[in-house]
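# Structure assessment
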Amino acid sequence: MKKVGEGLISLRISAQGELRYIKSIQEVVDLWKEGAEGKIVLVDDAGTTTLSPILPKLAGVVCTSGALGSHLAIVTREFEIPALMGTQLDDPLQLHGKQVRIEPEEGTSGILLADDT
Amino acid sequence: MSQKREQAAYFSLMTPEAQNMFREKTVSFLEDIRLDDIQRFGGKAVNTSRLLQGGFKVPSGFSISAECFDEFTQGSPVRAYIERLDRTDDLEEMLQAAIELEQVASDYELPPDLEKQILDAVSLLERRVGGTVSGYAVRSSATVEDGSSFSFAGQAETHLCVRDHEAILQSVKSVWLSALTPRAVLYLKSKGVPPSQVRMSVIVQQMIPADISGVLFTANVVTGERKQALVEAIHGLGEPLVGGKVTPDTYILDKETLDIVEERIGKTDTMLIAGEHGSSEVPLPDSLRGEPVLDHARLRLLLDTGLKIEEMMGYPQDIEWCIHENRLVILQSRPITTL
(Lines give C-alpha, C1' and ligand atoms only; values in the text may rest on other atoms or scores of the structure.)
Protein backbone atom coordinates (compact mmCIF):
# COMPACT_ATOMS: atom_id res chain seq x y z
CA MET A 1 0.00 0.00 0.00
CA LYS A 2 1.14 3.55 -0.61
CA LYS A 3 0.35 6.76 1.19
CA VAL A 4 -2.31 8.80 -0.62
CA GLY A 5 -3.27 11.37 1.98
CA GLU A 6 -2.88 12.65 5.51
CA GLY A 7 -5.12 14.36 8.02
CA LEU A 8 -6.14 14.52 11.66
CA ILE A 9 -7.17 11.22 13.20
CA SER A 10 -10.16 11.26 15.54
CA LEU A 11 -9.12 8.12 17.42
CA ARG A 12 -5.69 6.50 17.49
CA ILE A 13 -6.72 3.19 15.97
CA SER A 14 -6.13 1.62 12.56
CA ALA A 15 -8.82 0.52 10.16
CA GLN A 16 -8.71 -1.29 6.86
CA GLY A 17 -11.40 -1.96 4.28
CA GLU A 18 -12.80 -1.21 0.87
CA LEU A 19 -13.30 2.51 0.31
CA ARG A 20 -16.58 3.91 -0.93
CA TYR A 21 -16.86 7.55 -1.98
CA ILE A 22 -20.29 8.72 -0.73
CA LYS A 23 -21.83 11.92 -2.06
CA SER A 24 -25.56 11.58 -1.32
CA ILE A 25 -28.05 10.06 1.10
CA GLN A 26 -29.14 7.71 -1.69
CA GLU A 27 -25.62 6.30 -1.80
CA VAL A 28 -25.85 5.78 1.99
CA VAL A 29 -29.07 3.81 1.42
CA ASP A 30 -27.45 1.78 -1.37
CA LEU A 31 -24.48 0.91 0.85
CA TRP A 32 -26.82 0.03 3.74
CA LYS A 33 -28.70 -2.38 1.43
CA GLU A 34 -25.51 -3.87 0.03
CA GLY A 35 -23.96 -4.22 3.51
CA ALA A 36 -21.65 -1.59 4.96
CA GLU A 37 -19.75 -4.02 7.20
CA GLY A 38 -16.03 -3.31 7.17
CA LYS A 39 -16.20 -0.56 4.56
CA ILE A 40 -14.38 2.77 4.81
CA VAL A 41 -16.43 5.70 3.62
CA LEU A 42 -14.99 8.85 2.04
CA VAL A 43 -17.08 12.05 2.28
CA ASP A 44 -16.38 15.65 1.33
CA ASP A 45 -18.60 17.35 3.88
CA ALA A 46 -18.06 16.71 7.59
CA GLY A 47 -21.56 18.07 8.18
CA THR A 48 -22.87 14.92 6.52
CA THR A 49 -23.80 13.13 9.71
CA THR A 50 -26.49 11.29 7.70
CA LEU A 51 -23.87 8.55 7.78
CA SER A 52 -25.40 7.55 11.16
CA PRO A 53 -27.35 4.51 9.94
CA ILE A 54 -24.21 2.86 8.59
CA LEU A 55 -21.69 4.15 11.14
CA PRO A 56 -22.06 1.14 13.49
CA LYS A 57 -21.05 -1.14 10.61
CA LEU A 58 -18.23 0.91 9.05
CA ALA A 59 -14.54 0.28 9.73
CA GLY A 60 -13.68 3.95 9.34
CA VAL A 61 -14.40 7.32 7.73
CA VAL A 62 -12.24 9.65 5.65
CA CYS A 63 -13.36 13.25 5.28
CA THR A 64 -11.72 15.86 3.07
CA SER A 65 -12.75 18.71 5.39
CA GLY A 66 -13.23 19.28 9.13
CA ALA A 67 -11.12 18.44 12.15
CA LEU A 68 -11.28 16.86 15.60
CA GLY A 69 -14.02 19.09 17.01
CA SER A 70 -16.32 18.66 14.01
CA HIS A 71 -19.61 16.92 14.73
CA LEU A 72 -18.63 14.05 12.42
CA ALA A 73 -15.46 13.41 14.44
CA ILE A 74 -17.45 13.49 17.70
CA VAL A 75 -20.09 11.09 16.37
CA THR A 76 -17.58 8.62 14.86
CA ARG A 77 -15.75 8.50 18.19
CA GLU A 78 -19.07 7.51 19.79
CA PHE A 79 -19.13 4.53 17.41
CA GLU A 80 -15.48 3.77 18.23
CA ILE A 81 -14.27 4.00 14.65
CA PRO A 82 -11.47 6.27 13.39
CA ALA A 83 -12.22 9.24 11.16
CA LEU A 84 -9.38 10.82 9.21
CA MET A 85 -10.45 14.47 9.07
CA GLY A 86 -9.30 17.32 6.81
CA THR A 87 -7.64 14.79 4.53
CA GLN A 88 -5.92 16.21 1.47
CA LEU A 89 -6.35 13.84 -1.48
CA ASP A 90 -5.17 14.31 -5.05
CA ASP A 91 -7.86 12.14 -6.65
CA PRO A 92 -10.72 11.01 -4.36
CA LEU A 93 -12.66 9.40 -7.23
CA GLN A 94 -9.77 7.13 -8.08
CA LEU A 95 -9.92 5.62 -4.56
CA HIS A 96 -13.52 4.39 -4.89
CA GLY A 97 -13.58 0.57 -4.60
CA LYS A 98 -9.93 0.25 -3.53
CA GLN A 99 -8.62 -1.39 -0.36
CA VAL A 100 -7.39 1.37 1.96
CA ARG A 101 -6.02 1.64 5.48
CA ILE A 102 -6.28 4.46 8.00
CA GLU A 103 -3.17 4.52 10.14
CA PRO A 104 -2.38 6.75 13.13
CA GLU A 105 0.94 8.55 13.10
CA GLU A 106 2.52 10.81 15.68
CA GLY A 107 0.19 12.89 17.87
CA THR A 108 -3.07 13.75 16.15
CA SER A 109 -1.78 12.90 12.67
CA GLY A 110 -3.04 10.05 10.59
CA ILE A 111 -2.43 8.81 7.07
CA LEU A 112 -4.47 7.07 4.40
CA LEU A 113 -2.81 4.20 2.53
CA ALA A 114 -4.27 2.69 -0.61
CA ASP A 115 -3.69 -0.45 -2.58
CA ASP A 116 -1.40 0.62 -5.42
CA THR A 117 -2.55 -2.05 -7.86
CA MET B 1 -31.43 47.53 38.12
CA SER B 2 -30.74 43.85 38.89
CA GLN B 3 -31.92 41.23 36.39
CA LYS B 4 -34.44 39.88 38.91
CA ARG B 5 -35.90 43.32 39.65
CA GLU B 6 -35.99 44.16 35.98
CA GLN B 7 -37.72 40.85 35.27
CA ALA B 8 -40.29 41.55 38.01
CA ALA B 9 -40.92 45.04 36.62
CA TYR B 10 -41.38 43.68 33.15
CA PHE B 11 -43.78 40.95 34.33
CA SER B 12 -46.16 43.69 35.39
CA LEU B 13 -46.38 44.80 31.75
CA MET B 14 -47.23 41.31 30.48
CA THR B 15 -50.69 39.94 29.82
CA PRO B 16 -51.99 37.63 32.59
CA GLU B 17 -51.67 34.67 30.17
CA ALA B 18 -48.02 35.44 29.51
CA GLN B 19 -47.35 35.86 33.24
CA ASN B 20 -48.88 32.44 33.86
CA MET B 21 -46.67 30.82 31.25
CA PHE B 22 -43.56 32.21 32.95
CA ARG B 23 -44.84 31.02 36.33
CA GLU B 24 -45.55 27.59 34.90
CA LYS B 25 -42.05 27.61 33.38
CA THR B 26 -43.21 27.13 29.81
CA VAL B 27 -40.45 29.65 29.14
CA SER B 28 -37.59 30.17 31.57
CA PHE B 29 -34.53 32.36 31.64
CA LEU B 30 -31.38 30.23 31.65
CA GLU B 31 -30.29 31.17 35.17
CA ASP B 32 -33.64 29.96 36.56
CA ILE B 33 -33.26 26.44 35.15
CA ARG B 34 -32.33 23.77 37.68
CA LEU B 35 -30.44 20.51 37.38
CA ASP B 36 -33.65 18.48 37.63
CA ASP B 37 -35.26 20.44 34.77
CA ILE B 38 -33.55 18.28 32.13
CA GLN B 39 -36.78 16.65 30.93
CA ARG B 40 -38.26 20.09 30.57
CA PHE B 41 -35.43 22.18 29.12
CA GLY B 42 -32.94 19.62 27.79
CA GLY B 43 -29.27 18.96 28.45
CA LYS B 44 -27.84 22.04 26.79
CA ALA B 45 -30.05 24.48 28.72
CA VAL B 46 -29.35 22.75 32.04
CA ASN B 47 -25.58 22.72 31.39
CA THR B 48 -25.66 26.38 30.30
CA SER B 49 -27.55 27.32 33.46
CA ARG B 50 -24.89 25.57 35.54
CA LEU B 51 -22.21 27.61 33.76
CA LEU B 52 -24.08 30.84 34.55
CA GLN B 53 -24.53 29.83 38.17
CA GLY B 54 -20.81 29.00 38.32
CA GLY B 55 -19.98 32.58 37.35
CA PHE B 56 -18.80 31.90 33.79
CA LYS B 57 -19.51 34.45 31.08
CA VAL B 58 -22.38 32.99 29.02
CA PRO B 59 -24.69 34.83 26.57
CA SER B 60 -28.00 35.82 28.18
CA GLY B 61 -30.99 33.87 27.01
CA PHE B 62 -34.10 31.88 27.74
CA SER B 63 -35.37 28.43 26.96
CA ILE B 64 -38.77 27.28 25.66
CA SER B 65 -39.79 24.10 27.42
CA ALA B 66 -40.22 20.70 25.81
CA GLU B 67 -43.93 20.81 26.72
CA CYS B 68 -44.38 23.21 23.79
CA PHE B 69 -42.69 20.67 21.51
CA ASP B 70 -45.00 17.99 22.94
CA GLU B 71 -47.99 20.10 21.96
CA PHE B 72 -46.58 20.28 18.44
CA THR B 73 -45.87 16.53 18.18
CA GLN B 74 -49.14 15.45 19.77
CA GLY B 75 -50.95 17.15 16.88
CA SER B 76 -52.60 14.32 14.92
CA PRO B 77 -50.66 14.01 11.64
CA VAL B 78 -47.26 14.53 13.24
CA ARG B 79 -47.87 11.90 15.91
CA ALA B 80 -48.78 9.26 13.34
CA TYR B 81 -45.51 9.78 11.47
CA ILE B 82 -43.43 9.61 14.64
CA GLU B 83 -45.11 6.31 15.55
CA ARG B 84 -44.34 5.03 12.07
CA LEU B 85 -40.68 6.02 12.54
CA ASP B 86 -40.63 4.22 15.89
CA ARG B 87 -41.94 1.00 14.36
CA THR B 88 -39.73 0.60 11.32
CA ASP B 89 -36.11 -0.46 11.02
CA ASP B 90 -36.15 -0.25 7.24
CA LEU B 91 -33.89 2.61 6.22
CA GLU B 92 -35.83 3.50 3.07
CA GLU B 93 -39.14 3.58 4.93
CA MET B 94 -37.59 5.72 7.67
CA LEU B 95 -36.33 8.18 5.10
CA GLN B 96 -39.69 8.33 3.35
CA ALA B 97 -41.58 8.81 6.63
CA ALA B 98 -39.15 11.51 7.77
CA ILE B 99 -39.49 13.37 4.46
CA GLU B 100 -43.33 13.23 4.59
CA LEU B 101 -43.28 14.29 8.23
CA GLU B 102 -41.16 17.32 7.37
CA GLN B 103 -43.79 18.41 4.82
CA VAL B 104 -46.74 17.85 7.18
CA ALA B 105 -45.06 19.55 10.13
CA SER B 106 -44.06 22.62 8.13
CA ASP B 107 -47.77 23.63 8.02
CA TYR B 108 -47.94 23.75 11.80
CA GLU B 109 -48.76 27.18 13.29
CA LEU B 110 -47.45 28.08 16.72
CA PRO B 111 -50.30 28.59 19.25
CA PRO B 112 -50.93 32.37 19.62
CA ASP B 113 -50.38 32.30 23.39
CA LEU B 114 -46.99 30.63 22.92
CA GLU B 115 -46.03 33.19 20.25
CA LYS B 116 -46.90 35.94 22.71
CA GLN B 117 -44.91 34.26 25.45
CA ILE B 118 -41.81 33.88 23.27
CA LEU B 119 -41.99 37.48 22.05
CA ASP B 120 -42.44 38.73 25.62
CA ALA B 121 -39.32 36.82 26.59
CA VAL B 122 -37.46 38.28 23.57
CA SER B 123 -38.49 41.80 24.64
CA LEU B 124 -37.23 41.17 28.14
CA LEU B 125 -33.98 39.75 26.76
CA GLU B 126 -33.58 42.82 24.53
CA ARG B 127 -33.91 45.05 27.57
CA ARG B 128 -31.39 42.97 29.49
CA VAL B 129 -28.69 43.05 26.84
CA GLY B 130 -29.44 46.62 25.79
CA GLY B 131 -30.33 45.68 22.23
CA THR B 132 -28.22 43.51 20.01
CA VAL B 133 -26.54 44.33 16.72
CA SER B 134 -26.18 40.71 15.64
CA GLY B 135 -29.58 39.44 16.77
CA TYR B 136 -30.05 36.12 18.51
CA ALA B 137 -28.94 32.51 18.25
CA VAL B 138 -31.80 30.00 18.28
CA ARG B 139 -30.47 26.60 19.33
CA SER B 140 -31.68 23.10 20.11
CA SER B 141 -31.69 21.63 23.59
CA ALA B 142 -33.17 18.16 23.22
CA THR B 143 -33.82 16.09 26.31
CA VAL B 144 -31.43 13.49 24.86
CA GLU B 145 -28.80 16.10 23.99
CA ASP B 146 -25.42 16.74 25.63
CA GLY B 147 -25.76 13.81 28.00
CA SER B 148 -22.98 11.50 29.15
CA SER B 149 -23.77 8.52 26.89
CA PHE B 150 -24.23 10.21 23.52
CA SER B 151 -24.04 13.78 22.31
CA PHE B 152 -26.65 14.23 19.53
CA ALA B 153 -23.86 16.49 18.19
CA GLY B 154 -24.80 18.33 15.01
CA GLN B 155 -28.09 16.49 14.55
CA ALA B 156 -30.43 19.41 15.25
CA GLU B 157 -30.32 22.90 13.77
CA THR B 158 -28.87 26.14 15.08
CA HIS B 159 -29.98 29.48 13.61
CA LEU B 160 -27.53 32.34 13.97
CA CYS B 161 -28.02 36.12 13.80
CA VAL B 162 -31.82 35.87 13.86
CA ARG B 163 -33.13 39.40 14.17
CA ASP B 164 -36.81 40.16 13.78
CA HIS B 165 -39.60 38.61 15.81
CA GLU B 166 -41.18 36.68 12.95
CA ALA B 167 -37.79 35.13 12.12
CA ILE B 168 -37.32 34.09 15.76
CA LEU B 169 -40.70 32.32 15.77
CA GLN B 170 -39.89 30.59 12.48
CA SER B 171 -36.50 29.52 13.85
CA VAL B 172 -38.12 27.97 16.94
CA LYS B 173 -40.35 25.89 14.69
CA SER B 174 -37.43 25.01 12.48
CA VAL B 175 -35.37 23.78 15.45
CA TRP B 176 -38.32 21.61 16.54
CA LEU B 177 -38.55 20.15 13.06
CA SER B 178 -34.83 19.43 13.01
CA ALA B 179 -35.36 16.84 15.77
CA LEU B 180 -37.40 14.87 13.24
CA THR B 181 -35.28 15.19 10.11
CA PRO B 182 -33.99 11.99 8.51
CA ARG B 183 -30.52 12.83 9.83
CA ALA B 184 -31.66 13.15 13.48
CA VAL B 185 -34.07 10.22 13.31
CA LEU B 186 -31.43 7.93 11.84
CA TYR B 187 -28.90 8.96 14.47
CA LEU B 188 -31.40 8.24 17.26
CA LYS B 189 -32.36 4.89 15.80
CA SER B 190 -28.70 3.93 15.54
CA LYS B 191 -28.42 4.68 19.27
CA GLY B 192 -31.51 2.61 20.04
CA VAL B 193 -33.62 5.64 20.93
CA PRO B 194 -37.17 5.70 19.47
CA PRO B 195 -37.91 9.11 17.88
CA SER B 196 -41.03 9.37 20.08
CA GLN B 197 -38.77 9.67 23.13
CA VAL B 198 -37.14 12.87 21.89
CA ARG B 199 -38.45 16.08 23.36
CA MET B 200 -36.98 19.32 22.07
CA SER B 201 -36.53 22.47 24.10
CA VAL B 202 -35.29 25.57 22.26
CA ILE B 203 -32.82 28.14 23.55
CA VAL B 204 -32.87 31.78 22.38
CA GLN B 205 -29.64 33.57 23.30
CA GLN B 206 -27.93 36.84 22.61
CA MET B 207 -25.77 36.37 19.50
CA ILE B 208 -22.10 37.06 20.20
CA PRO B 209 -20.31 38.49 17.11
CA ALA B 210 -17.21 36.43 17.83
CA ASP B 211 -13.72 37.47 16.73
CA ILE B 212 -12.40 33.95 17.42
CA SER B 213 -14.30 30.73 18.12
CA GLY B 214 -13.49 27.16 18.90
CA VAL B 215 -13.89 23.99 20.87
CA LEU B 216 -11.98 22.86 23.92
CA PHE B 217 -11.93 19.24 25.01
CA THR B 218 -10.55 19.07 28.53
CA ALA B 219 -9.08 15.67 27.69
CA ASN B 220 -7.21 14.50 24.61
CA VAL B 221 -10.12 12.81 22.85
CA VAL B 222 -7.82 11.25 20.24
CA THR B 223 -5.75 9.26 22.75
CA GLY B 224 -8.04 9.32 25.79
CA GLU B 225 -5.25 11.02 27.80
CA ARG B 226 -6.92 13.00 30.58
CA LYS B 227 -3.74 14.89 31.48
CA GLN B 228 -3.94 16.71 28.15
CA ALA B 229 -6.51 19.05 26.59
CA LEU B 230 -7.31 19.57 22.91
CA VAL B 231 -8.23 22.96 21.47
CA GLU B 232 -9.41 23.90 17.97
CA ALA B 233 -9.83 27.51 16.89
CA ILE B 234 -10.77 29.64 13.90
CA HIS B 235 -11.36 33.33 13.26
CA GLY B 236 -14.97 34.53 13.32
CA LEU B 237 -18.01 32.43 14.25
CA GLY B 238 -17.57 28.78 15.18
CA GLU B 239 -20.20 27.22 12.91
CA PRO B 240 -17.74 26.31 10.09
CA LEU B 241 -15.55 24.53 12.65
CA VAL B 242 -18.20 22.31 14.26
CA GLY B 243 -19.90 21.83 10.89
CA GLY B 244 -16.59 20.60 9.48
CA LYS B 245 -16.42 23.15 6.68
CA VAL B 246 -12.88 24.27 7.51
CA THR B 247 -9.65 22.88 8.94
CA PRO B 248 -8.96 24.91 12.09
CA ASP B 249 -5.84 25.30 14.22
CA THR B 250 -5.36 22.35 16.56
CA TYR B 251 -3.44 22.57 19.84
CA ILE B 252 -2.72 19.82 22.37
CA LEU B 253 -1.94 21.23 25.83
CA ASP B 254 -0.50 19.72 28.99
CA LYS B 255 -3.11 20.39 31.68
CA GLU B 256 -0.56 20.54 34.49
CA THR B 257 2.13 22.77 32.95
CA LEU B 258 -0.20 24.49 30.42
CA ASP B 259 2.55 23.94 27.83
CA ILE B 260 1.75 23.37 24.17
CA VAL B 261 2.52 19.72 23.33
CA GLU B 262 1.44 19.88 19.69
CA GLU B 263 0.40 22.73 17.41
CA ARG B 264 -1.00 22.51 13.88
CA ILE B 265 -1.92 25.65 12.03
CA GLY B 266 -5.14 25.33 10.04
CA LYS B 267 -5.79 26.05 6.41
CA THR B 268 -8.67 28.48 6.04
CA ASP B 269 -9.22 31.15 3.43
CA THR B 270 -12.50 32.51 4.76
CA MET B 271 -14.25 33.35 8.01
CA LEU B 272 -17.89 33.60 9.00
CA ILE B 273 -18.84 36.89 10.61
CA ALA B 274 -21.99 38.09 12.35
CA GLY B 275 -23.58 41.24 11.01
CA GLU B 276 -26.79 43.23 11.04
CA HIS B 277 -28.22 41.18 8.19
CA GLY B 278 -27.18 37.72 9.34
CA SER B 279 -23.94 35.84 9.13
CA SER B 280 -21.77 36.06 6.05
CA GLU B 281 -18.62 34.45 4.75
CA VAL B 282 -15.77 36.85 4.02
CA PRO B 283 -12.16 36.32 2.94
CA LEU B 284 -9.73 35.88 5.80
CA PRO B 285 -7.50 39.00 5.91
CA ASP B 286 -4.00 38.36 4.54
CA SER B 287 -2.47 39.40 7.87
CA LEU B 288 -4.16 36.45 9.62
CA ARG B 289 -3.37 33.74 7.08
CA GLY B 290 -0.83 31.13 8.16
CA GLU B 291 -0.62 32.64 11.66
CA PRO B 292 -1.76 30.84 14.83
CA VAL B 293 -5.31 31.85 15.77
CA LEU B 294 -4.47 31.72 19.49
CA ASP B 295 -1.32 32.93 21.23
CA HIS B 296 -0.02 31.21 24.34
CA ALA B 297 -1.64 33.70 26.73
CA ARG B 298 -5.10 33.08 25.26
CA LEU B 299 -4.55 29.32 25.24
CA ARG B 300 -3.64 29.48 28.94
CA LEU B 301 -6.72 31.57 29.75
CA LEU B 302 -8.91 29.17 27.81
CA LEU B 303 -7.44 26.09 29.44
CA ASP B 304 -7.62 27.64 32.89
CA THR B 305 -11.33 28.39 32.37
CA GLY B 306 -11.94 24.93 30.92
CA LEU B 307 -10.36 23.25 33.92
CA LYS B 308 -12.61 25.23 36.25
CA ILE B 309 -15.64 24.12 34.24
CA GLU B 310 -14.42 20.51 34.31
CA GLU B 311 -14.02 20.72 38.07
CA MET B 312 -17.51 22.18 38.50
CA MET B 313 -19.13 19.62 36.20
CA GLY B 314 -17.13 16.75 37.72
CA TYR B 315 -16.14 15.22 34.36
CA PRO B 316 -14.00 16.12 31.30
CA GLN B 317 -15.92 18.51 29.08
CA ASP B 318 -16.45 19.33 25.40
CA ILE B 319 -16.76 23.13 25.48
CA GLU B 320 -17.73 25.54 22.69
CA TRP B 321 -16.38 29.04 23.31
CA CYS B 322 -15.66 32.32 21.60
CA ILE B 323 -13.67 35.49 22.16
CA HIS B 324 -15.31 38.85 21.57
CA GLU B 325 -13.51 42.12 22.28
CA ASN B 326 -10.86 40.18 24.21
CA ARG B 327 -13.43 38.55 26.51
CA LEU B 328 -13.82 34.79 26.66
CA VAL B 329 -17.46 33.69 26.39
CA ILE B 330 -18.60 30.10 26.99
CA LEU B 331 -21.32 29.04 24.56
CA GLN B 332 -21.96 25.50 25.79
CA SER B 333 -20.42 22.63 27.70
CA ARG B 334 -21.24 18.96 27.61
CA PRO B 335 -19.53 15.84 28.91
CA ILE B 336 -17.08 14.15 26.53
CA THR B 337 -19.00 11.03 25.55
CA THR B 338 -16.08 8.90 24.40
CA LEU B 339 -13.59 8.55 27.28
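Each value, and the rule that gives it
- Residues numbered from 1 in each chain as written.
- Chains lettered and ligands numbered in written order.
- Predicted model: local features only at pLDDT ≥ 70, side-chain atom pairs only at ≥ 80, totals over all residues.
- Heavy atoms only, no water.
- Contact = heavy atoms within 4.5 Å.
- Buried area = accessible area lost by both parts, 1.4 Å probe.
- Salt bridge = Lys/Arg side-chain N within 4 Å of Asp/Glu carboxyl O.
- Polar contact = N/O pair within 3.5 Å; in protein donor to acceptor, adjacent residues only side chain to side chain.
- Helix = DSSP H or I, 4+ residues; strand = E, 2+ residues; numbered from the N terminus.
- Nonpolar A, V, L, I, M, F, W, Y, C, P; charged D, E, K, R; others polar.
- Core = buried A, V, L, I, M, F, W, Y, C linked by side-chain atoms within 4.5 Å.
- Buried < 20%, exposed > 50% of the residue type's maximum accessible area, 1.4 Å probe, protein only.
- Pairing = 2+ DSSP bridges.
- Axes fitted to C-alpha atoms, helices over the stretch in contact; angles between N-to-C directions.

A few words on the interface of chain B and chain A. Of the residues lining the interface, 39 residues belong to chain B; the matching set on chain A comes to 34 residues. Of the roughly 3000 Å² buried between chain B and chain A on both sides combined, carbon and sulfur atoms contribute 59%. When the buried surface of chain B facing chain A is broken down by residue, Leu91, Val222 and Arg264 of chain B rank first, second and third, together holding 19% of it. Our count for the chain B to chain A interface comes out at 1 salt bridge. As a salt-bridge pair, Glu92 of chain B and Lys33 of chain A come within 3.0 Å of each other at their nearest N and O atoms. Between the two partners, chain B and chain A, sit 11 residue pairs in polar contact (both at pLDDT 80 or more). For the side of chain B that touches chain A, the element with the most residues is helix 9 (residues 182-190) of chain B, which contributes 4 residues. Residue classes in the side of chain B that touches chain A are distributed as 16 nonpolar, 11 polar and 12 charged.

Judged by nonpolar contacts, the single largest core of 50 residues is most densely connected at Phe62, Ile64, Phe72, Ile118, Trp176, Met200 and Val202 of chain B. Among the nonpolar cores identified, the runner-up in size contains 31 residues, and Leu42, Leu89, Val100 and Leu112 of chain A belong to it.

Time to look at the sheet that holds strand 1 (residues 27-29) of chain B. Residues and elements named next belong to chain B. With respect to topology, 5 strands assemble into an open sheet ordered 1-2-5-3-4, the strand pairing being antiparallel. Each edge of the open sheet is held by one strand with a lone partner, namely strand 1 and strand 4 (158-162). Adjacent strand axes in the sheet meet at a mean angle of 20°, parallel and antiparallel pairs treated alike. Relative to strand 2 (residues 61-64), strand 1 is paired through 3 bridges, and the arrangement is antiparallel. Along strand 2, the bridge assignment pairs Ser28 with Ser63. Docked against the sheet, helix 7 (residues 112-129) engages strand 1, strand 2, strand 3 (136-142) and strand 5 (200-206), running at close to 165° with respect to strand 2.

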